[in-house]
Number of protein chains: 2
Amino acid sequence: MSSPIRIGITGVGKIARDQHLPALERNERFELIASASRNANINGIRSFDTLDAMLEGAPELDAVSLCTPPQVRYRQACAAINAGRHVFLEKPPGVTLSEVEDLAERARQTGVTLFASWHAREAAAVERAREWLGSAAIRHVDVQWREDVRTWHPGQQWVWQPGGLGVFDPGINALSIMTRILPNEFFLERARLEVPENCQAPIAAELDFTDAGETPIHADFDWRQTGPQTWQITVETERGTLLLEEGGSRLSIDGEILIDGEDVEYAGLYRRFAELIDAGQSEVDVRPFRHVADAFMLAERIVVAPFDE
Amino acid sequence: MSSPIRIGITGVGKIARDQHLPALERNERFELIASASRNANINGIRSFDTLDAMLEGAPELDAVSLCTPPQVRYRQACAAINAGRHVFLEKPPGVTLSEVEDLAERARQTGVTLFASWHAREAAAVERAREWLGSAAIRHVDVQWREDVRTWHPGQQWVWQPGGLGVFDPGINALSIMTRILPNEFFLERARLEVPENCQAPIAAELDFTDAGETPIHADFDWRQTGPQTWQITVETERGTLLLEEGGSRLSIDGEILIDGEDVEYAGLYRRFAELIDAGQSEVDVRPFRHVADAFMLAERIVVAPFDE
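These figures come from a predicted structure and were not determined experimentally.

### Digging into the packing of aromatic side chains
Taken as a whole and judged by the stated rule, the model has 28 aromatic pairs over all chains. Each ring, one from Phe168(A) and one from Phe221(A), has its centre 5.8 Å from the other, and the planes form 85°; the classification is edge-to-face. Of the two residues, Phe168(A) is situated in helix H7 (residues 168-181) and Phe221(A) in strand E10 (residues 217-222); the sequence distance between them amounts to 53 residues. The pair formed by Phe168(A) and Phe221(A) is uniform in burial state, with each residue classed as buried. Relative to Phe115(B), the ring of Phe88(B) lies with its centre 5.5 Å away and its plane at 85°, an arrangement referred to as edge-to-face. Of the two residues, Phe88(B) sits in strand E5 (residues 86-89) while Phe115(B) sits in strand E6 (residues 114-116), which places them 27 residues apart along the sequence. Owing to a relative accessible area of 0%, Phe88(B) belongs among the buried residues under this scheme.

### Details of the domain arrangement of chain A
All names here are of chain A. What the domain assignment reports for chain A is domain 1 (5-116) and domain 2 (123-264 + 293-304). Using only C-alpha atoms to locate each centre, domain 1 and domain 2 end up separated by 28 Å. Of the residues lining the interface, 5 residues belong to domain 1; the matching set on domain 2 comes to 7 residues. At the boundary of domain 1 with domain 2, total buried surface from both sides reaches about 470 Å², with 54% on carbon and sulfur atoms. Ranking the residues of domain 1 by area buried against domain 2 places Gln 71, Lys 91 and Pro 92 at the top, with a combined share of 66%. Scanning the region where domain 1 abuts domain 2 turns up 0 salt bridges. Seen at the junction of domain 1 and domain 2, the total is 2 residue pairs in polar contact (both at pLDDT 80 or more). Partitioning the side of domain 1 that touches domain 2 into residue classes produces 2 nonpolar, 2 polar and 1 charged.

### Remarks on the pairing of strand E2 (residues 30-36) of chain A
All names here are of chain A. Along E2, 5 of the 7 residues are buried, which leaves the element largely enclosed by surrounding structure. Relative to E2, strand E1 (residues 5-10) runs parallel, the two being bridged by 6 bridges. Counterpart to Arg 6 in the pairing with E2 is Glu 31. Running through helix H1 (residues 14-26), the crossover from E1 to the neighbouring parallel element E2 is right-handed. Taken together, the 3 bridges between E2 and strand E3 (residues 46-48) define a ladder with parallel strand orientation. From the neighbouring strand, Ser 35 faces E3, where its bridge partner is Ser 47.

### A few points about the sheet that holds strand E12 (residues 240-245) of chain A
Residue and element names in this part refer to chain A. The strand order E14-E13-E12-E11-E7-E10-E9-E8-E15 describes an open sheet built from 9 strands, whose pairing is mixed. Every other strand in the sheet has two partners, leaving strand E14 (256-260) and strand E15 (300-304) as the edge strands with one partner each. Ignoring strand direction, the axes of neighbouring strands in this sheet form an average angle of 15°. Judged from the 8 bridges that link them, strand E8 (residues 186-196) and strand E9 (residues 204-211) form a sheet pairing that is antiparallel. Residue pairing in the sheet places Arg 190 in a bridge with Asp 208 of E9. Along the sheet face, helix H5 (residues 126-133) touches strand E7 (138-146), strand E11 (230-237), E12, strand E13 (250-253) and E14 and points at about 160° away from the line of E12.

### Some details on the relation of the copies chain A and chain B
Rotating chain A by 180° and moving it 0.0 Å along the rotation axis overlays it on chain B with an RMSD of 0.0 Å. Taken together, the rotation and translation relating the two chain copies correspond to the operation of a two-fold axis. Here 100% of the interface residues in chain A have copies in chain B that are interface residues too; the copies meet face to matching face.

### Some points on the pattern of salt bridges
Counting across every chain of the model gives 44 salt bridges over all chains. In this structure, Glu245(A) engages Arg250(A) in a salt bridge whose closest nitrogen and oxygen atoms are separated by 3.5 Å. Salt-bridge contacts for Asp102(B) lead to Arg106(B); the nearest nitrogen and oxygen are separated by 2.8 Å. Of this pair, Asp102(B) and Arg106(B) are both found in helix H4 (residues 97-110), 4 residues apart, which corresponds to roughly one turn of the helix. Asp102(B) sits in the buried class, given a relative accessible area of 7%. The structure contains a network of salt bridges with shared partners spanning Arg121(A), Glu185(A), Asp285(A) and Arg287(A).

### With respect to the environment of Gly111(B)
Considering the arrangement of structural elements, one finds Gly111(B) in the loop between H4 and E6. The exposure class assigned to Gly111(B) is exposed, which follows from its relative accessible area of 54%.

### A closer look at helix H8 (residues 265-279) of chain A
Each turn of an α-helix holds 3.6 residues, which means side chains three or four residues apart point in the same direction. Residue and element names in this part refer to chain A. Here H8 is 15 residues long and its end C-alpha atoms lie 21 Å apart, about the 21 Å a rise of 1.5 Å per residue gives. Listed as buried for H8 are Glu 265, Tyr 266, Gly 268, Leu 269, Tyr 270, Phe 273, Ala 274, Leu 276 and Ile 277. On its buried face, H8 sits against E1, H1, E2, strand E4 (63-66), strand E5 (86-89) and strand E6 (114-116). Of the residues trailing H8, Gly 280 is marked for its positive phi of about 65°.

### Some points on the packing of H5(A) against H7(A)
Residue and element names in this part refer to chain A. The contact between H5 and H7 brings their axes to 9 Å, and the two run at 40°. By the angle between their directions, the pair H5 and H7 is classed as oblique. Residue-level inspection shows Val 126, Glu 127, Ala 129, Arg 130 and Leu 133 of H5 in contact with H7, the latter providing Ile 177, Arg 180 and Ile 181.

### Topic: the interface of chain A and chain B
Think of interface size as the accessible area that goes away when the parts come together; that is how it is often given. Facing the 35 residues of chain A at the interface are 35 residues of chain B. Both faces considered, chain A and chain B share a buried interface measuring about 3000 Å² in area, 59% of it formed by carbon and sulfur atoms. Among the residues chain A hides against chain B, the three largest losses belong to Arg75(A), Phe187(A) and Met297(A). Together they make up 23% of the total. For the pair chain A and chain B, the number of links is 6 salt bridges. A salt bridge links Arg75(B) to Glu189(A); the shortest N-O distance between them is 3.5 Å. Applying the counting rule to chain A against chain B returns 10 residue pairs in polar contact (both at pLDDT 80 or more). When residues of the side of chain A that touches chain B are traced back to their parent elements, those giving at least two are helix H3 (73-82), helix H4 (97-110), E8, E9, helix H9 (287-298) and E15 of chain A.

Criteria and thresholds
Residues numbered from 1 in each chain as written. Chains lettered and ligands numbered in written order. Predicted model: local features only at pLDDT ≥ 70, side-chain atom pairs only at ≥ 80, totals over all residues. Heavy atoms only, no water. Phe/Tyr/Trp six-rings, centres within 6.5 Å; stacked < 30°, edge-to-face > 60°. Helix = DSSP H or I, 4+ residues; strand = E, 2+ residues; numbered from the N terminus. Buried < 20%, exposed > 50% of the residue type's maximum accessible area, 1.4 Å probe, protein only. Domains from an automatic or database assignment. Contact = heavy atoms within 4.5 Å. Buried area = accessible area lost by both parts, 1.4 Å probe. Salt bridge = Lys/Arg side-chain N within 4 Å of Asp/Glu carboxyl O. Polar contact = N/O pair within 3.5 Å; in protein donor to acceptor, adjacent residues only side chain to side chain. Nonpolar A, V, L, I, M, F, W, Y, C, P; charged D, E, K, R; others polar. Pairing = 2+ DSSP bridges. Right-handed = clockwise from strand over helix to strand, strands pointing away. Axes fitted to C-alpha atoms, helices over the stretch in contact; angles between N-to-C directions. Least-squares fit on C-alpha atoms with pLDDT ≥ 70 in both. Expected span 1.5 Å × (residues − 1). Parallel < 35°, antiparallel > 145°, perpendicular 65-115°, else oblique.

The following block contains the structure:
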């Protein structure tokens, strides 16, 4: 058994408390020893106001998790990498593709582990779906990712600002699963974004992708869904239809449920982060984020009714 | 002297006739033997209606230049790479980053040369500017790329459609020079796009980039400039001010003109393409295109007066 990885966390907000702290608590490879946050402390560990103060005040730190908003993530990740610490990035890994590529290069040069995490990929049924599709001839893919923004982002104005990504904030989770389970690279051919007249970011997106074999791959992201929420991917193949539901935790083939799992996403992310550190590797798969950038670049924009909470 | 590279050209339109044919004529490493175009022939060489017909009908072809619109470039490049031909891509190399990355991977696997060309990088003074900046501490960068769209794209509706890139069609030339001459990677922090109320694509863009050292890098792209046209990059350094004008063909340091060159861009591109083929290498630098995608993703959009020709 290796010695524990001493880790610090920045940005002690909702995602840190709901997901990161419980996952770190249950993973014995990690020892949480410090936090950096302007307004919040974690009981029982050393607290700092800023990441820089934490890096200086806790020199025994091996790694940091960045749970701050994406707008400040580049500078924080740069500082941590330059200080020789392994870095865990929440999703999305930044606000531009260019800065994420630069971070990946810096991690390579410094020899630390950089992990750009995609939590939806760790949902209980995703790996089984990937394995099943590995040998399948795919005819058609349909993605429905429809939820109620008022439930999931109450009062969060930043999601509508430039750089906030709008409906791609949940949609990038679908893209992270699609890029993981589909055996061939795909790319956007046509896109339509619906943007409320009082917002900068889209509230809905219709995306038509294809691949080198001209497989039709359709995705429908919508933030206006009331009632039951839908996060599902249907893949029709020549040997049956795969249905991944509940954000990737339930898998059926031709209507037969094979997996209906618990929420194990952050446990899986920290297991992966430890594996990468132990192997001296990084994992920075920008493809989900690149598809989002492609959509903003290629899409037709339609102005729709204003959004009011 | 190696045997000539037998090349075919697809898309016999304005850019092919103005630039590619004269450059191929003057470069003795290439022998133009075929063309593929729906509506145009080139005197004295075999003409085909489609790329597929050319690949089949001219099996001795070593390479193809794709001068077709970016919307069809992926399928054409795929077909040429799969047929074992080296490929020259006009700029921009596609309509999405994802498809360009896929092409690069296919070229790697097949062992052919893929060259994503950026003609502005071959302007007469760009390499000297790059060398001069290599050792300079940069304080500030200012880019002015202002031209009259009515002069340069008369009646071309596609530049305003989704995927047409708008003012980034010339602006990507500035970005291709910036990514070549500036010694450090930079990335967007803030952007503002002005979009005519009857168009999908921007007519102007204000871009604020920075780098790991927090250097301010400002770019101003505008398609509404009448009178004298401006394509210039100013770089203030601790040992003087570099000014690159006329799209990269004129270089001054502190007001003294060092280079004021002819248009040598496509001659340089084909020299480079031959070098890459001879060395068995590819060159696919997506950074200029990635900055454009980042801008579309991160920008605030302002609706401005309708554009009418």
